[in-house]
Amino acid sequence: LELVELNRSSPYQTDYKMIICAHSKPLKISTCVLIAIKDNGLDMRNDVAIEFEIDSAPMLATLLLKVEEETFLRNTPAQINNPNCWIAMIPFPKLDDRGIRVDSESDITAALSNFDINVARIKLNATCVECTSPGMETLAETWSTDEATEDATE
């Protein structure tokens, strides 16, 4: 697995490759969503727990990063593994009094110029924690089916 590949066409761009969940355990991301409306006789409260399971997701990101040479040369070997030190080396863009960049695109010091992700399988598990809408229970059950998983990753 190559994590970093130099981009020969641009000295400031680096290609990063990563695979999420290459092992037997999927990546799980969970959240709760609350949809509540109380107005003119309508009293609806739907609290749904949602969990995404991602089996494998190869990722490719191309980053453009320019660092200040003087700051880079001052770093010690112990600071090489610290992401905060790398971020501190990126020059801050010139901003106007409202915080908007004033320089042209040629002065960009950090950018994500490419991002590709290919998700092999994503499964959605939805559970009603407290749902007053009868259709929400049905929707949560439908989202959690194998057919929904196939539709989401086709």
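Residues numbered from 1 in each chain as written. Predicted model: local features only at pLDDT ≥ 70, side-chain atom pairs only at ≥ 80, totals over all residues. Heavy atoms only, no water.

Engineer: Whenever I open this one, the state of the cysteines confuses me. Can you help?
Structural biologist: In protein structure, a disulfide is the covalent linkage between the sulfur atoms of two cysteines. Applying the stated criterion across every chain yields a total of one disulfide. Two residues share a disulfide in this structure: Cys-128 and Cys-131, whose sulfurs sit 2.3 Å from each other. In this structure, the disulfide formed by Cys-128 and Cys-131 twists by about -95° around the S-S bond and is classed as left-handed. (Disulfide = S-S within 2.5 Å.)

Engineer: How should I be thinking about the nonpolar core in this particular structure?
Structural biologist: Note that soluble globular proteins tend to have their nonpolar side chains buried in a common cluster. Of all hydrophobic cores here, the largest spans eight residues; its members are Val-48, Ile-50, Leu-124, Ala-126, Cys-128, Cys-131, Met-136 and Ala-140. For this core, the secondary structure elements donating two or more residues are strand S4 (42-54), strand S7 (122-131) and helix H3 (134-143). With four residues, S7 is the largest single contributor of residues to this core. In this structure, Ala-140 is in contact with Ala-126, Thr-127 and Cys-128, ignoring residues within four places of it in sequence. (Core = buried A, V, L, I, M, F, W, Y, C linked by side-chain atoms within 4.5 Å. Buried < 20%, exposed > 50% of the residue type's maximum accessible area, 1.4 Å probe, protein only. Helix = DSSP H or I, 4+ residues; strand = E, 2+ residues; numbered from the N terminus. Contact = heavy atoms within 4.5 Å.)

Engineer: I'm lost on a negative patch on the surface in this one. Help?
Structural biologist: On the surface, a cluster of negative charge is made up of Asp-146, Glu-147, Glu-150, Asp-151 and Glu-154. Summarising the element assignment, Glu-150 is placed in helix H4 (residues 146-152). (Patch = residues over 30% accessible without salt bridge, like charges linked within 9 Å, V, L, I, M, F, W, Y side chains within 5 Å. Areas by Shrake-Rupley, 256 points an atom, 1.4 Å probe, with all protein chains shown as cover. Salt bridge = Lys/Arg side-chain N within 4 Å of Asp/Glu carboxyl O. Lys, Arg positive; Asp, Glu negative; His and termini not counted. Charge placed at Lys NZ, Arg CZ, Asp CG, Glu CD.)

Engineer: How should I be thinking about a nonpolar patch on the surface in this particular structure?
Structural biologist: Taken together, Val-67, Phe-72, Leu-73, Ile-80 and Trp-86 make up a surface patch of nonpolar side chains, about 460 Å² in accessible area. Along the chain, the position of Trp-86 falls in helix H2 (residues 83-88).

Engineer: What am I meant to see in the sheet that holds S7 here?
Structural biologist: Hydrogen bonding along the main chain pairs the strands of a sheet, whether they run parallel or antiparallel. On the basis of which strands lie adjacent, the open sheet formed by three strands has the order S3-S4-S7 and antiparallel pairing. On the outer flanks of this sheet lie strand S3 (27-39) and S7, each paired with one strand and no other. Averaged over all pairs of adjacent strands, the angle between their axes in this sheet comes to 20°, without regard to strand direction. Two strands pair when backbone bridges link them, and S3 and S4 are joined in this way by 13 bridges, in the antiparallel orientation. Paired with Lys-28 across the strands is Glu-53, a residue of S4. Packed onto the sheet, H3 meets S3, S4 and S7 and runs at close to 160° relative to S7. (Pairing = 2+ DSSP bridges. Axes fitted to C-alpha atoms, helices over the stretch in contact; angles between N-to-C directions.)

Engineer: Help me out: how do you make sense of the side chain of Thr-71 in this one?
Structural biologist: Mapping Thr-71 onto the fold places it in helix H1 (residues 69-74). By relative accessible area, which is 17% here, Thr-71 ends up buried. Once residues lying within four places of it in the same chain are set aside, the contact partners of Thr-71 are Ala-88 and Met-89.

Engineer: Looking at this structure, how should I read the environment of Glu-130?
Structural biologist: If you trace the backbone, Glu-130 turns up in strand S7. Each C-alpha atom, one on Glu-130 and one on Leu-34, is 9.2 Å from the other, the two residues being 96 residues apart in sequence. Discounting chain neighbours no more than four positions away, the residues touching Glu-130 are Arg-45, Asn-46 and Asp-47.

Nothing here speaks to function; it is geometry throughout.
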